[in-house]
Amino acid sequence: MKKSAAVFVRLQAPTPFLNYCSRSTKNNLSMSLPTAIERHHGVMLNYRGKGLLICGEAGIGKSSLALELIHHGAILIADDVVDFSIETDQLVAHCPESLTGLLHTRELGLLDIRRICELNSWQASSSVDLGIELTQQNQLPASLSTPYLSKEILGKPLVMLSLVVNNPASLKNRIDSWLTMYESQANSIENLQLWQLGKLRFSA
């Protein structure tokens, strides 16, 4: 089956919050982060032990989804403006210093996550493991396997899952199902490699 090609465009949200982010982080960037930096529009979380980047056009609901996940144990890294660097060959996401703990939704405005959630609901950086691309409609062909997309940041490929926001199924439930399936597949591959090396026996 032919894989569909995905083209990702770095989006700049025309919101007062993003304009504030750009102005207030300009002078702090060189002091707080490594030299090789790439900046993207999106929301970065650590959820279920995975660094999860949420992408999508402005106003599609990235921050609202992040807020829901934070109330279910996710840790906010950065909202709207995410800075990336390479550290020990690993893609790492950073929060600009002036945005510490802040998240902005169109319904609720600017929120300090540390005040409305637990104190450990924010951290300054995280490795980047997977990504979510929120879309208005499904543009991928039907498939029995998960149709992954790919996004490249600082030369590092990032596995992305496309989720339609107007699907009646909960975004959180779909993300949880995907993470469980992804972890299970990773464990299956690891077990198969151990079995091939004679280090693991499967019971009949």
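Residues numbered from 1 in each chain as written. Predicted model: local features only at pLDDT ≥ 70, side-chain atom pairs only at ≥ 80, totals over all residues. Heavy atoms only, no water.

### With respect to the pattern of salt bridges
Which entries qualify depends on this criterion: Here a salt bridge means any side-chain nitrogen of Lys or Arg lying within 4 Å of a carboxyl oxygen belonging to Asp or Glu. Each helix is a run of DSSP H or I of at least 4 residues and each strand a run of E of at least 2, with the numbering of both proceeding from the N terminus. Throughout, exposure labels follow a simple rule: accessible area from a 1.4 Å probe, protein chains only, divided by the maximum for the residue type, with under 20% read as buried, over 50% as exposed, and the rest as partly exposed.
Inspection of every chain in the model, using the stated rule, returns 7 salt bridges. Linking lysine 172 and aspartate 176 is a salt bridge whose minimum nitrogen-to-oxygen distance equals 2.5 Å. Of this pair, lysine 172 and aspartate 176 are both found in helix 5 (residues 171-196), 4 residues apart, which corresponds to roughly one turn of the helix. Since its relative accessible area comes to 12%, lysine 172 is described here as buried. A relative accessible area of 14% places aspartate 176 in the buried class. By sharing partners, the salt bridges in this structure join Arg48, Lys172, Asp176 and Glu183 into a single network.

### Re helix 3 (residues 62-70)
In terms of residue burial, helix 3 counts as a mostly covered element, since 7 of its 9 residues are buried. All of the buried residues in helix 3 are Lys62, Ser63, Leu65, Ala66, Leu67, Leu69 and Ile70.

### Notes on unusual backbone geometry
In this structure, aspartate 80 takes a positive phi of about 75° despite not being glycine. Along the chain, the position of aspartate 80 falls in strand 3 (residues 75-87). Residue aspartate 80 is classed as buried on the basis of its relative accessible area, which comes to 7%. Positive phi, close to 55°, is recorded for threonine 88, a residue that is not glycine. Tracing the backbone through its elements, the reader meets threonine 88 in the loop between strand 3 and strand 4 (90-94).

### Section: the confidence of the model for the chain
Rules: pLDDT runs from 0 to 100 and stands for how confident the predictor is about each residue. Whether two residues are in contact is decided by their heavy atoms, any of which lying within 4.5 Å being enough.
Of all residues in the chain, 71% attain a pLDDT of 70 or more, and the chain-wide mean is 80. Across the chain, the secondary-structure element scoring lowest on mean pLDDT is helix 2 (residues 29-32), at 43, and the one scoring highest is strand 2 (residues 50-55), at 97. Segment residues 25-33 is flagged for pLDDT under 50; beyond a separation of four residues in sequence, or across chains, it makes 12 contacts in the model.

### Let's talk about the sheet that holds strand 3
The cut-off we apply is this: At least two bridges found by DSSP between two strands is the condition for calling them paired. Simply put, an axis is a line fit to the C-alpha atoms, just over the touching stretch for a helix, and the angle between two N-to-C directions goes from 0 to 180 degrees.
With respect to topology, 8 strands assemble into an open sheet ordered 7-4-3-1-2-8-10-9, the strand pairing being mixed. Lying at the two open borders of the sheet, with one neighbouring strand each, are strand 7 (125-127) and strand 9 (149-153). Here the strands of the sheet are splayed against their neighbours by 40° on average, with no regard to which way each runs. Helix 3 rests against strand 1 (38-47), strand 2, strand 3 and strand 8 (130-135) of the sheet, and its axis sits at about 25° to strand 1.

### Side note on the pairing of strand 4
Of all 5 residues in strand 4, 4 are buried, a share of seventy percent or more. As paired strands, strand 3 and strand 4 are joined by 5 bridges and run antiparallel to one another. Each bridged residue has a counterpart across the sheet, and for glutamate 87 the counterpart in strand 4 is glutamine 90. Between the end of strand 3 and the start of strand 4, which pair antiparallel, lie 2 residues, with threonine 88 showing a positive phi angle near 55°. Two strands pair when backbone bridges link them, and strand 4 and strand 7 are joined in this way by 3 bridges, in the antiparallel orientation. Bridge pairing in strand 7 links valine 92 to serine 127.

### Quick word on the environment of leucine 99
With respect to the helices, strands and loops of the structure, leucine 99 is situated in the loop between strand 4 and strand 5 (102-105). Overall, leucine 99 belongs to the buried group, its relative accessible area being 1%. In this structure, the C-alpha to C-alpha distance between leucine 99 and isoleucine 77, residues 22 residues apart in sequence, is 9.5 Å.

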